[in-house]
Amino acid sequence: MVERYVMSIDQGTNSTRCILFDHHGRLVSVAQREHQQHFPRPGWVEHDAVEIWRNLQRIMPEALSDAGVGAGEIAAIGIANQRETTVLWDRRTGAPLGRAIVWQDTRTGPLVEGLRDQPGDEFFIERCGLAPSTYFSAPRIRWLFDHVKGLAQRAEDGEVLIGTMESWLIWNLTGGAGGGLHITDVTNASRTMLMNIRTLTWDEELLAFFGVPRPMLPEIRSSAEGYGDADAVLPGVRITAALGDQQAALFGQTCFSPGEAKCTYGTGSFLLLNTGTDVVRSRNGLLTTVAYKIGDQAPVYALEGSIAVTGSLVQWFRDRLGLIGSAPEIETLARTVEDNGGCYIVPAFSGLFAPHWRSDARGVIVGLTSYITKGHLARAVLEATGWQTREVVDAMNADFSVALKQLKVDGGMTADNLLMQFVADVLDVPVVRPMVSETVSLGAAYAAGLAAGYWPDLEVLRRNWHRAGQWLPDMDPERRESEYDNWKRAVERSLGWIKPPRST
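Just so you know, these numbers come straight off a predicted model, no measurement behind them.

A. Broad picture of the sheet that holds strand 11 (residues 224-229). An order of 3-2-1-5-12-11 is seen for the six strands of this open sheet, with the pairing classed as mixed. Where the open sheet ends on each side, the last strands, each with one partner, are strand 3 (27-34) and strand 11. If you compare each strand with its neighbour and ignore which way they point, the axes differ by 25° on average. Bridge count for strand 1 (residues 5-11) against strand 5 (residues 74-81) is seven bridges, and the pairing is parallel.

B. Looking closely at the packing of aromatic side chains. According to the stated counting rule, one finds 22 aromatic pairs in the structure shown. Considering the side-chain rings of Trp-316 and Phe-349, the 5.4 Å spacing of their centres and the 55° angle between planes classify their relative orientation as tilted. Separated by 33 residues along the polypeptide, Trp-316 in helix 9 (residues 311-319) and Phe-349 in the loop between strand 17 (344-346) and strand 18 (364-366) bring together distant segments of the chain. Judged by its relative accessible area of 23%, Trp-316 falls in the partly exposed class. Given a relative accessible area of 35%, Phe-349 falls into the partly exposed group. By way of ring pairs, the aromatic residues Trp-103, Tyr-135, Phe-136, Phe-270, Phe-353 and Trp-357 are connected into one cluster. The ring of Trp-44 carries Arg-107 above its face, with NZ or CZ at 3.7 Å from the centroid. Over the ring of Tyr-484 we find Lys-488, and its NZ or CZ is 4.4 Å from the ring centre.

C. Local environment of helix 2 (residues 109-128). Helix length check: helix 2 (20 residues) gives 19 Å between terminal C-alpha atoms against 28 Å at 1.5 Å per residue, more than 12% under. Most pronounced at Pro-119, the bend in helix 2 amounts to some 85°. Within helix 2 the residues assigned to the buried category are Gly-109, Val-112, Gly-114, Leu-115, Gly-120, Phe-123, Phe-124, Arg-127 and Cys-128. Check the buried side of helix 2 and you find it contacts helix 3 (137-147), helix 7 (204-210) and strand 15 (287-292). The positive-phi residue at the C-terminal boundary of helix 2 is Gly-129, with phi of around 80°.

D. Just the sheet that holds strand 19 (residues 407-410), in detail. Spatial strand order, 15-16-14-13-19-20-21: seven strands in an open sheet with mixed pairing. With partners counted over all chains shown, the strands left at the sheet margins are strand 15 and strand 21 (467-471), one partner each. Averaged over all adjacent pairs, the angle separating strand axes in this sheet is 30°, with direction ignored. Pairing between strand 20 (residues 431-434) and strand 21: four bridges, direction antiparallel. Across the sheet, residue Pro-434 finds its bridge partner in strand 21, namely Arg-467.

E. Seen up close, the packing of helix 9 against helix 11 (residues 374-399). Taken N-terminus to C-terminus, the directions of helix 9 and helix 11 make an angle of 160°; their axes are 8 Å apart at the nearest point. Relative to helix 11, helix 9 is oriented roughly antiparallel. Note that helix 9 runs across helix 11; the crossing there is right-handed. Contact with helix 9, carried on its side by Leu-313, Val-314 and Phe-317, involves Lys-374, Leu-377, Ala-378, Val-381 and Ala-384 of helix 11 and no other residues of that element. Of the residues assigned to the contact of helix 9 with helix 11, the class counts are seven nonpolar, no polar and one charged.

F. A look at the UniProt feature "binding site: sn-glycerol 3-phosphate" (unreviewed entry) in the protein chain. In this numbering, the UniProt entry assigns the feature "binding site: sn-glycerol 3-phosphate" (unreviewed entry) to Thr-13, Arg-83, Glu-84, Tyr-135 and Asp-245. On the basis of relative accessibility, which here comes to 3%, the residue Arg-83 falls in the buried class. Residue contacts for Arg-83: discarding those within four places in its chain leaves Trp-103, Tyr-135, Asn-188, Arg-191, Gly-244, Asp-245, Gln-246, Gln-247, Phe-270 and Glu-304. Here Glu-84 shows up in the loop between strand 5 and strand 6 (87-90). Note on Glu-84: relative accessible area 2%, which makes it buried.

G. Representation of the UniProt feature "domain: Carbohydrate kinase FGGY N-terminal" (unreviewed entry) in the protein chain within the structure. Mapped onto the present numbering, the UniProt feature "domain: Carbohydrate kinase FGGY N-terminal" (unreviewed entry) falls at residues 5-252. For residues 5-252, the end-to-end C-alpha separation is 16 Å, with 34% helix and 25% strand making up the annotated structure.

H. A look at the environment of Ser-65. Tracing the chain through its elements places Ser-65 in helix 1 (residues 49-67). As a C-alpha pair, Ser-65 and Phe-136 span 71 residues in sequence and 37 Å in three-dimensional space.

I. Summary view of the pattern of salt bridges. With the rule as written, the count across this model stands at 30 salt bridges. Residues Arg-4 and Glu-73 are paired through a salt bridge, measuring 2.3 Å at the closest nitrogen-oxygen approach. In this pair, Arg-4 sits in the segment before strand 1 while Glu-73 sits in the loop between helix 1 and strand 5, placing the two residues 69 residues apart along the sequence. By relative accessible area, which is 9% here, Glu-73 ends up buried. Residue Arg-83 pairs with Glu-304 through a salt bridge whose shortest N-O separation is 2.7 Å. Of this pair, Arg-83 sits in the loop between strand 5 and strand 6 while Glu-304 is found in strand 16 (residues 300-307), placing the two residues 221 residues apart along the sequence. Just as Arg-83 is buried, Glu-304 falls in that class too. Beyond isolated ion pairs, a larger network of salt bridges with shared partners links Arg-83, Glu-84, Arg-191, Asp-245 and Glu-304.

Calculation notes
Residues numbered from 1 in each chain as written. Predicted model: local features only at pLDDT ≥ 70, side-chain atom pairs only at ≥ 80, totals over all residues. Heavy atoms only, no water. Pairing = 2+ DSSP bridges. Helix = DSSP H or I, 4+ residues; strand = E, 2+ residues; numbered from the N terminus. Axes fitted to C-alpha atoms, helices over the stretch in contact; angles between N-to-C directions. Phe/Tyr/Trp six-rings, centres within 6.5 Å; stacked < 30°, edge-to-face > 60°. Buried < 20%, exposed > 50% of the residue type's maximum accessible area, 1.4 Å probe, protein only. Lys NZ or Arg CZ within 6 Å of the ring centre and 35° of its normal. Expected span 1.5 Å × (residues − 1). Bend = angle between axes of the 7 residues up to and from the residue. Contact = heavy atoms within 4.5 Å. Parallel < 35°, antiparallel > 145°, perpendicular 65-115°, else oblique. Left-handed = near helix turned anticlockwise from the far one by under 90°. Nonpolar A, V, L, I, M, F, W, Y, C, P; charged D, E, K, R; others polar. UniProt positions renumbered as here; feature names shortened; annotations may be inferred. Salt bridge = Lys/Arg side-chain N within 4 Å of Asp/Glu carboxyl O.

Here it is as structure tokens:
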């Protein structure tokens, strides 16, 4: 039977999707299921890993059935996943030891503050490219060892396995407790604070520091290579790729050359810049991460800027303030005015991410006068995303020798033409959106198809990329800089609102 499609699994924060793509990178069928979000305490966010695995078992056959194809027509499976979300499970039974702790979870805040004081950011950045943050997996493992009686000893005795979501799914797909593969890829491993960014192996000093026994960790593999065959759901189909979701989006946007960048605009936004085979250390508040590694080729690295609140600011405007009835209405409302009327919104709802990394910041609206209408507020909401993008791009241009010449964009917010034009205006570079908006899923499919020989090389993937929209900069340079100056003054007013927690 001819292998006609590649299957992509996108295990995201809110749902899991299964998509089939053809040789031209076109979406053939999609099946999706949401999973429950658990918020047991303020700042805690958890997922049920078993629910996610069950959802995947349902949607994989659904995607095949919708396309009218059989398992024999699938060349390979690739997986993209929400990064940093951490699950522990029993090696013998396969049962998770509690719920997965999600990347948004902030329970490790006091622990992380302590790490920043002692041994300090430098100790970690030198080894794994990351400064301590509640974002990453290692502090969570330490927290669990400190709070779950007997867990550390069980891990030491080899009874417990740990992984991010792709590890959990691959283990279950390839046999689970009956001999499943316990692996991760370099992109996901690079977000744990446990992998050495240069050697791409678990770092002995970091493992010792966090007290993580090596036997509980998955084997680190390339992002695209033959991992093994599925044993469950689609027996015999090869699993050949895994990437963290934002790295998958970079790959799906075919940003294969140094200096190429993409930004995914969703609840938050993630801007990744390909820096080639160089590990570029950021001096300006960005993360150094692995972009991808194809087979035995040299790894490709990236600088990443994570923005916490972009699309969720529009949701807040809709749900909390009730000023619009649906997200798309914000563009219509913002177009009722010519400009922001001197009003700026800094959405530091739970601190500021890149390039500031200030957990003491909180949201502010500045420049209010009796002239301001809800139209001005709507415009300020959209402009907040543009200015936050500008801050990250400025940091990237300062850190990397190749200045950004174009920004590829994807995600739900790219449907807002006013916003995309504003991003082009404040960056002073063209902003382009591809035909296929599912870039995370497409990236996982591309990596899997490359490893399986379904696509011959990166050049073919580049030719699959087609532009659906483009916005060219059209703002007076003087106005751009004076507005940006106002934005920076607004950011200053958001800082220092919360006193940092005392480390315990």
